[in-house]
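# Breakdown of the fold
For reference, the chains in residue letters:
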Amino acid sequence: MEKNSNSTRRNFLKLGLAAGATALIGGGGKVLSAVSNPEPASKETGEKVKLLSPDGTLVEVDKGHCHACPATGKEARQGIPNKKMVMVVDLARCRNARKCLEGCQSMHHLPPRIEWIKFFLLRDSKDTSPYWFPKPCFQCNNPPCVKVCPVGATFKRTDGIVLIDNDRCIGCKFCMAACPYSSRVFNWGEPEQAALPEGKKYSPETSWPQKVGTVGKCDFCPDMVRQGILPNCVTACPNGVYFYGDKNEDTVTNGTETVRFSELVQQKAAYRYMEELGTEPGVYYLPPVNRLFDYKVGFQDLTPEEVELYKQEANISE
Amino acid sequence: MEYNNKTLKNYEDFKPQLESIGKYGYFFITIMVAIIAWGTYALYIQLSQGQVVTGMRDYVIWGIYDANFIFFIGISYAGALISGILHLMRVEWRHPILRMAETITVVSTMIGPSYIFLSMGRLERVWHILIYGRIQSPIVWDVFAISTYLIGSFIFLYLACVRDLAFMRDHPVGVGRWRNSIYKFMSAGYRDTPKQRELLNQLIDLISIVIIPLAILVHSVLAWIFGMTLRPGWHSTIFAPYFVLAAIYSGTGVLILVMFVFRKIYRLEAVITKNHFTYLGLLLMILGALYGYFTFSEYLTNWYGSVKWDMEVLHRLFDSSTYWWWFFFSAFLGVLLPIILIALPRLRSINTIVFAALIAVTALWVKRYLIIIPTLETPLLPLHDMRPEFANYAPSWVEWSLTAMGIAIWMLLFFLFSKFLPIVPVVRVNSADERDYFKLRKLAKDRILRRMIRKNRHAKKIVASVLVLLFLSSAVVCRAEDPLRSRLKLEFLNSAGTRMLNAKLTSKKDDQTVPLQGMQVSFFVQGAKDKVLLGKGTTNDAGKATFTLPGKLDVPRNTEGKYSYSATYEGSKEYQSSESSADVRDVFMNLTFSQTDSAKIINLVAVEIGQKGDSVPIDGSMVIFYVPRTFSLLKIGEQTIKGGHADLDFPVTLPGDSVGNLPIIAKFEDNENYGTAEVTATIAWGKPLPPLVVIKRGLGDTNAPLWMVYTLIVLLSLVWFHFTYAIITIFRIRHLGKIALLEEQSHTASN
């Protein structure tokens, strides 16, 4: 599996997404017909999803292919070798467009009310200006959620990703109590979600399908990383807020810009949210300086009630 | 085994309550069974639909189930701590209330944990704790602690019942043969021989000692479930002793209430005297004062420190629009009222003590609610959910029903137990206080007791059924395509000498560019006269078709020295035809690396292939250097080629793979002359990845830190050693009983 995904990656980089997907499908061996057969294969979901190819153009591929070959079982608990996934969120670019959330929900087949990315209007003090704060799971390096799990259903991997095994989770919600960042959500009822296509096995790497009575959260899309494809939240953002990449490669990208991780976080004085809690998050924030948008732009797609609530939280009086 | 007349007479008074349930008893059972039936329906609803039927949501993830859990484990302290301590201190007045206290422990420890199960999303996976259990999790500590505690309190209760069970065996009740056989079986052949008596007394003392630290540990672990999180109002070092104290406080309160109820319904005025209420009342008062002191200390520290989140929780507690009245009841009335009522001798009476206990017990339930809910409503990041049920918690009818069900089962079990064994021990251990006891017994109103005799049938059993629903749905969307325009884009790619033609076929649909899949694209090169067909390709799901050019093309080049490639798409019923072309010159690129002192330089040689096949150095074109990364190419520099050469300083801080290998790509991008041409070479100049440091046995790992494992093993084996010893000794007592019986029989025979 490892060699396979590596060669997949190189092909992908050389030939672009098309060839990458071909190699991958060849590796999987199951959906080969999708390429050679002009008719759409029956295993396709029919739903298309937008992805960014390395040449900078958006392409649409079938959703089914995005979950082509995630690791299952013990391998899914190990992590992708030699990787350490990190994210840098540039607060100066965020205008609360919420396209990342739409992309995430589409990718993970989530109903609209299950939100793995949350948006806050933060204001550090009354003298400072409010700013939008999109928040995925922080994938902490000292994760409080993993510590307290009684059955090891949530676990930290060597590639820095914290995942949930929905087949093992007993639904005690202790991890939700332990997470100081409200990153975890619970499937209170039966999730309204597309079922897994026939013949596919559940993998914690895809977080699909969600199961009633278990916990869910942003998973940093490890199945996409295996294929060298950027997660949907990164590519869906119209402003390039999210930079995602491998810390071991010292590189992060938002799809259009690929930069050195160390240079980005050092030059722009990145910080980790509530570092003082000792959780060592894997998500870095660039301070909201020289902003592209006024924070009020973020109100335009919200209902008046939502705007009121945000203003209340951020102590905005006018 | 001989019993004195007083014991027999004493038993006569209890016989009626053991032999009949009574009119009111049946009425009570009917009501309890009705509540339990209703609760079973609520349980069915929750199990079939998920916790969506509760008031719990993403922020307030724990609700009254967890409050009930702490509450029931709290009141179980009555038996464990109070009776344990009273027994060890040889407090003379303890005897009539010991069994009630121990029964409270057993029944509460049975009911309490079931609320944790209700609070779980996947009840049917509870066995995962056994096979995947992680010792680092306080929930697993709780599983160990509570199961051990439950066993311990069963043993404790049982040991204290052995004498009465033996008595009941010797004096069968009038109804139910099966009950007499249970008495016989459970009395463990106890015949009060000196050896048996000695062993039993030893055991009771031993288990009393073991049960006290065990009980303290149980509630500490419970407090740590909250204390180990980083939440305001929970993350407190005094939480464990605070919980322990609150537990004894509520346990004493419940014991007073139980005493009061049984004193009334079984007319035990002579056995349970005002003194019992006064002593326990004074204990309640002291515990109330201590509990108040802890409460004050906790909130004062939070208020004085005035950390943002602590203040938010405090604000919720002190704001009349949220929890002020509840907080006022639990932290002010629930402490001050019992103290005042009991401390002032003028106010102190059985009724006021019972009232004080009632206040204390309800206040402590509210306190558990206030520990859980306001903290969960105060996340560290702001909470702005438009759904009111997500922002604020209100228990649903299901939660209330199951709470009522728990209380009903608790009361029913207690009541049924009081029908099985006298709720006050009949056979006394200590002969000194036996005398006082029987003096009191004479005062009991036998006449009233006898009225309670009724011939009745036994209560029926209720079975709960569990249903799991599986939900599967799939949707396939099929759409009819309309005839549309297609667009083809041809790109030339020279990758390390391999030349490829990439054609991308797309169409516009609803203002969106969509790739066309499964279409045939033909690739051509311009020959001397006509276009020469090179080959055909089928587009994949990204709309791309690829053709790899042969090593040498036998066609002339145009005046600019370029090959002229083109691609066509014939079109179909749905899409119009389209074509695209690309004119490129062949290039040859080579990457080498040179190192002088500390300077590491990447050297690129780039030449055009001239008309006669000769090499012409490239001049003035821009070449970009990349390093391939997981998702994209990382640009490390760009240079203008001069005289066929371009040099770039290697960025020395760049990490490579585990041995430092790093592929370097030099690339012309969409160059007007060369299209896209690239060359890759690998050099071990990258910083090698540091070896992965895997911390085993950390808090977040599968295996627990060794000290935790050792602590758990030592604690558990200490406790279980004593439990095992107790069980073995019970069998020894049984064996001794058999010998005594045989001796007695042979004695009678020889006579």
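Residue positions are given per chain, counting from 1 as you read along its sequence in written order. Chain A is the first chain written and ligand 1 is the first ligand written, with later ones labelled in order. Predicted model: local features are reported for residues with pLDDT of at least 70 only, side-chain atom pairs are reported and counted for 80 or more only, and whole-chain, interface and lining totals are derived from all residues.

### Some words on the overall build of chain B
Secondary structure elements follow DSSP: runs of H or I of four or more residues count as helices, runs of E of two or more count as strands, with numbering from the N terminus. A tally of regular secondary structure across chain B gives 19 helices and 16 strands. Between the two quantities, the radius of gyration covers C-alpha atoms and the globule rule is 2.2 Å times the number of residues to the power 0.38. Scaling as 2.2 N^0.38, a compact globule of 751 residues should have a C-alpha radius of gyration of about 27 Å, whereas chain B reaches 42 Å, well beyond that. Each principal axis of the C-alpha distribution contributes one length, and for chain B these read about 135 × 70 × 65 Å. Counting across all 751 residues of chain B, residues that qualify as buried make up 42%. A sequence separation of at least 24 residues applies to 72% of the contacts in chain B between residues at least 6 apart. Residues are called buried when their C-beta atom has 20 or more other C-beta atoms within 10 Å, exposed when it has 12 or fewer, and partly exposed otherwise; all C-beta atoms are positioned from the backbone. A pair of residues counts as a contact when their C-beta atoms, built from backbone coordinates, are within 7 Å of each other.

### Some remarks on the nonpolar core
Note on terminology: a nonpolar core is any set of buried Ala, Val, Leu, Ile, Met, Phe, Trp, Tyr and Cys residues joined through C-beta atoms within 7 Å. In terms of nonpolar packing, the biggest core is built from 212 residues, with Val88 and Tyr242 of chain A together with Leu255 of chain B touching the most fellow members. Once you skip the residues sitting within four places of it in the chain, leucine 255 of chain B turns out to touch Ala78, Ile82, Ile97, Met100, Ala101, Ile104 and Leu280 of chain B. Grouped together as the second largest cluster of nonpolar side chains are 47 residues, Tyr569, Ile665, Ala666 and Phe668 of chain B included.

### What about the interface of chain B and chain A?
Chain B puts 67 residues into the contact, and the matching count from chain A is 74 residues. If you list the elements that add at least two residues to the side of chain B that touches chain A, you get helix 6 (128–132), helix 7 (138–170), strand 3 (512–515), strand 6 (544–548) and strand 13 (633–640) of chain B. Residues of the side of chain B that touches chain A, tallied by class, amount to 35 nonpolar, 21 polar and 11 charged. As a working rule, the residues Ala, Val, Leu, Ile, Met, Phe, Trp, Tyr, Cys and Pro are called nonpolar, Asp, Glu, Lys and Arg charged, and the rest polar, with Gly in that last group.

### Thoughts on unusual backbone geometry
Residues and elements named next belong to chain A. A cis amide bond links tryptophan 208 with the next residue in sequence, proline 209, at an omega value of 5°. Position of proline 209 relative to the elements: it lies in the loop between strand 8 (185–186) and strand 9 (215–216). In this structure, histidine 109 takes a positive phi of about 55° despite not being glycine. With respect to the helices, strands and loops of the structure, histidine 109 is situated in the loop between helix 5 (99–107) and strand 4 (118–122). Judged by the 22 C-beta atoms lying within 10 Å of it, histidine 109 falls in the buried class. Here the phi dihedral of methionine 274 falls at roughly 55°; this positive angle occurs in a residue that is not glycine.

### Observations regarding the confidence of the model for chain B
Detailed reading of the predicted coordinates is not advisable wherever pLDDT is low. All names here are of chain B. Predicted confidence across chain B gives a mean pLDDT of 85, with 91% of residues reaching 70 or more. For every residue, the pLDDT score states the predictor's confidence, bounded by 0 at the bottom and 100 at the top. When the criterion is pLDDT under 50, residues 429–481 qualifies, and its contacts beyond four places in sequence or with other chains add up to 64 contacts. Here the complex is predicted with pTM 0.83, and the ipTM for its interfaces comes to 0.83.

### Observations concerning the packing of helix 9 (residues 194–227) of chain B against helix 10 (residues 239–265) of chain B
Helix packing geometry: the angle between the two helix axes and the distance between the axes. All names here are of chain B. Contact pair helix 9 / helix 10: the axes reach a minimum separation of 8 Å and the direction vectors enclose 130°. Taken as axis vectors, helix 9 and helix 10 run oblique relative to one another. Along this stretch, helix 9 crosses helix 10, giving a crossing that reads as right-handed. Residues Ile216, His219, Ser220, Leu222, Ala223, Trp224, Phe226 and Gly227 of helix 9 touch helix 10, and the partners they reach there are Phe239, Ala240, Tyr242, Phe243, Val244 and Ala247. Convention adopted: a line fitted to C-alpha atoms gives each axis, helices being fitted over their contacting stretch, and angles between N-to-C directions are expressed from 0 to 180 degrees. Oblique is the label for any angle not under 35 degrees, not over 145, and not in the 65 to 115 range, which are roughly parallel, roughly antiparallel and roughly perpendicular in turn. Left-handed describes a crossing in which the near helix is turned anticlockwise from the far one by less than a right angle; the clockwise case is right-handed.

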